[in-house]
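# Structural description and commentary
Given next are the chains, with one letter for each unit.
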Amino acid sequence: MAASVAIERGSTILPSLFKTKPLKSSHFVFTFSLYSLKKFIHSKPLVFTSQTFMARCLSTQAMPNSCQRLPSHIDPRVFQSSSQGPVDNMAPFQEARVYTTEDFVKFCREGKAKEAIEALGAIEKQGIQLDPNVIFAILEVCGDLKALEEGKRVHDYIMRCPFRNLHMHNKLMEMYCKCGSMKEARHVFDRIPERNLDSWNLMIKGYASNDQGDEALQLFGHMRGAGVSPTRETFVSVLLACRVLESVEEGFIHFESMEKDYGVSPQVEHYARMVEVLGRSGHLAEAEEFVDGMAIPPPIPVLETLKNYASIHGDTDLVNRVEEQLIAFDPSREAQKSNAPKVLPPRKRLGLNMLEGKNKVNEYRAGTNPQKGETYERLKGLSGQMKEAGYVPDTRYVLHDIDQEAKEQALLYHSERLAIAYGLISTPANTPLRIIKNLRVCGDCHNAIKIMSKIVGRELIVRDNKRFHHFKDGKCSCGDYW
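As a starting point, this report considers the structure included with it.

### Here we look at the overall build of the protein chain
For the protein chain, the count of helices and strands is 23 helices and 8 strands. For the protein chain, with 482 residues in total, the buried portion stands at 45%. At a minimum sequence separation of 6, the contacts of the protein chain that also span at least 24 residues come to 63%. Approximately 26,200 Å² of the protein chain is accessible, and the part contributed by carbon and sulfur atoms is 50%.

Given below as C-alpha cells:
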C-alpha cells in the first residue's frame, strides 16, 4: 500500500517527505503549501497517501502556472512507497476508460468477445448488475466464436452473480459444448441442483456433436433412469451418437423405441440420421432399403444424405439412382445440371490456425509462426519419433509437382503441425492444446496428429471447418471419418 501521511492543522508536511537539501520558497512545493494546502486542511485531521499528495502537487488547479514542475534535485519516487516501485509517467493517475451497459451490448452485437469481456469487468467494478438476457448474449458470442477463455471469464462472473438460475447454467453448459470443452460442460451439468429437460438434451447433444458417442448414450441411459422422458430433439442427438459409434443395431433399437415406448413420431431429421448411421458404417444396401421402406415418399434431405454417403463410398450406381429420384421430385435439378456453366477451380485458400493458450490466442498462417527456430526444431524432433512409431507420410495430399522428399517436407510444415509444435514448447506439460483451423484438416495431418497425441501424452483438440477432433492416446474422436 502507498505510504500514508497524517496532516494536522498547522503542521508542515515537507520535512517528512523531502530528505534532500532545503527548499527555497520559490520552489513549487512551498508554493503548494502556501497556495493550496490550506484548501485541504479544515477543522479536523486529514489523511492523505503520498500518491494523493503527488497528484495534488502536479495539478494545474493547485498552483500558479509558474510552479507546475518539480525542482531538478527532487526525485519523484519519494512520493511512492518502495513496494510499488518508481512512478512511471504518472500512470496511477491516468483514468481508466468508463464502459456502459450500452457499450457491452454493442460489443456482443458485433461479436467482439474480448472487448465485451473487458467492458464486463469494468461494469462490475462500477457496481452495476447486468440483466440476465445480456449475459446470455455474451455466452452465445463466446460459443459461436469458440472463445473458450472469454467464456470461462463469463462463467466466473456468473458465479459471483446473485441472480444465477437454471436457465443461466444451461446457457453456460451450451457455451462449453460449442467450444468443444466437454469436461467443463459436464462440470456445470453435475452441479445443477435440479436439472430440467433442456439440461439433459444440451449435454447429450454436446457429447454427440463432439464425437463422444459413448458418453452421450450413457447419459441418455441416466436420463431415462431419472424418469425424464426423451423428446424429438433428444432422439436426434441419440441417433447422432449411434452414427459416431457406427452402431447400427443400437441405432435401430432407439429409432424403433421412439414411437413404441415414448409416443414420439419420427420426423425427417430422424430418418436422415438413420441413413447416416447406416451410410457411415458402409451399409449402403441397407440404407437404400431403409429409405425405400419409408411409409411416405422419401423427403429430399433423406435422399441427399443417401446420395452423399454413396459418393463417399464410391457407389456410382446408387448415386445415379438417387439422383433420378431427386429429379423426379424436382425436375428443375436436371435443367440446372445441364445448364450449369463451367466453374473454374477455386483458388486455394490460405491455411490459418490459431492456438489457444495462456489466456491468449496465437495465429499461424502457412509459412509464418512465432519462435520459428525453436518451433521447427521441436517439429523435426517429433517427426523422427513419429516415423519410429509407424508414421508414413501420405504424399497424395501434396498437389505440387515436386520430388518425394520435398513433398514429405511440405507435409511436415503444415500450419496445424506448426501450431502444435509451438504449443508444446510454450505451454505446461500434460495440458491440452486447442487448435482452430479455417480449412478442413488433410488426411495426412489427421493421421500424424493421432500419432503425435500418443507420443506427447496430451489431448490435442483441433477444430477444422467441419467439426471438432479430439486426439488422445493415438485415436481421434471422429473415428477417422470427417
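### Some thoughts on the packing of helix H7 (residues 132-144) against helix H9 (residues 166-178)
The N-to-C vectors of H7 and H9 enclose an angle of 10°; their axes lie 8 Å apart at closest approach. In this view, H7 runs roughly parallel relative to H9, as classed from their interaxial angle. As H7 runs across H9, the sense of the crossing is left-handed. Of H9, the residues touching H7 (which contributes Pro132, Ile135, Phe136, Leu139, Cys142, Gly143 and Asp144) are His167, Met168, Lys171, Leu172, Met175 and Lys178. For the contact of H7 with H9, a count of residues per class yields 8 nonpolar, 2 polar and 3 charged.

### Quick look at the packing of helix H15 (residues 268-280) against helix H17 (residues 300-312)
It is at 9 Å that the axes of H15 and H17 come closest, and there the two elements cross at 10°. By the angle between their directions, the pair H15 and H17 is classed as roughly parallel. Along the contact surface, H15 presents Val268, Tyr271, Ala272, Val275, Glu276, Gly279 and Arg280, while H17 presents Pro301, Val302, Thr305, Leu306 and Tyr309. The residue inventory of the contact of H15 with H17, partitioned by class, reads 8 nonpolar, 2 polar and 2 charged.

### So, the nonpolar core
Ranked by size, the top nonpolar core spans 77 residues in total, and within it Phe104, Leu130, Ile135, Ile138, Val154 and Met203 carry the most contacts. When neighbours within four sequence positions are excluded, Met203 is seen to be in contact with Met173, Met182, Ala185, Arg186, Phe189 and Leu219. Among the nonpolar cores identified, the runner-up in size contains 24 residues, and Leu379, Tyr413, Ala419 and Leu424 belong to it.

### Focus: a negative patch on the surface
Taken together, Asp214, Glu215, Glu249 and Glu250 make up a surface patch of like negative charges. Going through the elements one at a time, helix H12 (213-225) and helix H14 (248-262) are the ones with two or more residues in the negative patch. Assignment of secondary structure puts Glu250 in helix H14. A residue is classified by how much of its surface remains accessible, and Glu250, at 30% relative accessible area, is partly exposed.

### Quick look at the pairing of strand S6 (residues 460-463)
Looking along a regular strand, one sees the side chains alternate between the two faces of the sheet. By the alternation rule, side chains of S6 split into Leu460 and Val462 and Ile461 and Arg463, which are all buried. Here 4 bridges tie strand S5 (residues 433-437) to S6, and the two strands are oriented parallel to one another. Across the sheet, the residue bridging to Ile436 is Arg463, located in S6. Each parallel crossover has a hand, and for S5 linked through helix H23 (residues 443-456) to S6 it is right-handed.

### Concerning the pattern of salt bridges
Using the criterion set out here, one finds 19 salt bridges in the structure. A salt bridge links Glu124 to Arg160, with the nearest nitrogen and oxygen atoms 2.8 Å apart. Residue Glu124 is found in helix H6 (residues 113-125), and its partner Arg160 is found in helix H8 (residues 148-160); the two are separated by 36 residues along the sequence. Taking the shortest distance from any N to any O, the salt bridge between Arg280 and Glu246 comes out at 3.7 Å. With Arg280 in helix H15 and Glu246 in the loop between helix H13 (232-245) and H14, the pair connects residues that are 34 residues apart, well separated along the chain. Judged by relative accessible area, which is 4%, Arg280 ranks as buried. Taking relative accessible area as the criterion, Glu246 reaches 36% and is therefore assigned partly exposed.

### Here's the deal with the packing of aromatic side chains
Considering all chains together, one arrives at 9 aromatic pairs under this definition. Ring plane angle 50° and centroid distance 5.8 Å describe the contact between Phe235 and Tyr262, whose orientation is recorded as tilted. With Phe235 in helix H13 and Tyr262 in helix H14, this residue pair connects regions lying 27 residues apart in the sequence. Relative accessible area serves as the criterion here: at 0%, Phe235 is assigned to the buried category. Tyr262 gets classed as partly exposed once you look at its relative accessible area, which sits at 29%.

### As for the side chain of Ser247
Relative to the helices and strands, Ser247 resides in the loop between H13 and H14. We classify Ser247 as buried; its relative accessible area is 18%. If near-sequence neighbours (up to four positions away) are discounted, Ser247 is found in contact with Cys242 and Val277.

### Observations regarding the environment of Arg186
Along the chain, Arg186 turns up in helix H10 (residues 182-190). On the accessibility criterion, Arg186 (25% relative accessible area) is partly exposed. Along the backbone, Arg186 and Tyr207 are 21 residues apart, and their C-alpha atoms lie at a distance of 9.5 Å. Not counting chain neighbours up to four residues away, the residues in contact with Arg186 comprise Met203, Tyr207 and Leu219.

### Some thoughts on the pairing of S5
When you tally the buried positions in S5, you get 5 out of 5 residues, the bulk of the element. Burial of the side chains of S5 extends over both faces: Leu433, Ile435 and Lys437 are buried on one face and Arg434 and Ile436 on the other.

### A few points about helix H20 (residues 372-388)
Helix length check: H20 (17 residues) gives 25 Å between terminal C-alpha atoms against 24 Å at 1.5 Å per residue, within 8%. Those residues of H20 that sit buried are Thr375, Tyr376, Leu379, Leu382, Ser383 and Met386. Along the long axis of H20, the arc covered by the buried residues comes to 125°, so they all point the same way. Opposite the buried face of H20, at more than 90 degrees from it, the exposed residues are Glu377 and Glu388. In this structure, the buried side of H20 is in contact with helix H21 (404-412), helix H22 (415-426) and H23. Positive phi appears at Gly390, one or two residues downstream of H20, with a value of about 110°.

Calculation rules
Residues numbered from 1 in each chain as written. Predicted model: local features only at pLDDT ≥ 70, side-chain atom pairs only at ≥ 80, totals over all residues. Heavy atoms only, no water. Helix = DSSP H or I, 4+ residues; strand = E, 2+ residues; numbered from the N terminus. Buried < 20%, exposed > 50% of the residue type's maximum accessible area, 1.4 Å probe, protein only. Contact = heavy atoms within 4.5 Å. Areas by Shrake-Rupley, 256 points an atom, 1.4 Å probe, with all protein chains shown as cover. Axes fitted to C-alpha atoms, helices over the stretch in contact; angles between N-to-C directions. Parallel < 35°, antiparallel > 145°, perpendicular 65-115°, else oblique. Left-handed = near helix turned anticlockwise from the far one by under 90°. Nonpolar A, V, L, I, M, F, W, Y, C, P; charged D, E, K, R; others polar. Core = buried A, V, L, I, M, F, W, Y, C linked by side-chain atoms within 4.5 Å. Patch = residues over 30% accessible without salt bridge, like charges linked within 9 Å, V, L, I, M, F, W, Y side chains within 5 Å. Salt bridge = Lys/Arg side-chain N within 4 Å of Asp/Glu carboxyl O. Lys, Arg positive; Asp, Glu negative; His and termini not counted. Charge placed at Lys NZ, Arg CZ, Asp CG, Glu CD. Pairing = 2+ DSSP bridges. Right-handed = clockwise from strand over helix to strand, strands pointing away. Phe/Tyr/Trp six-rings, centres within 6.5 Å; stacked < 30°, edge-to-face > 60°. Expected span 1.5 Å × (residues − 1). Arc of directions from axis to C-beta.

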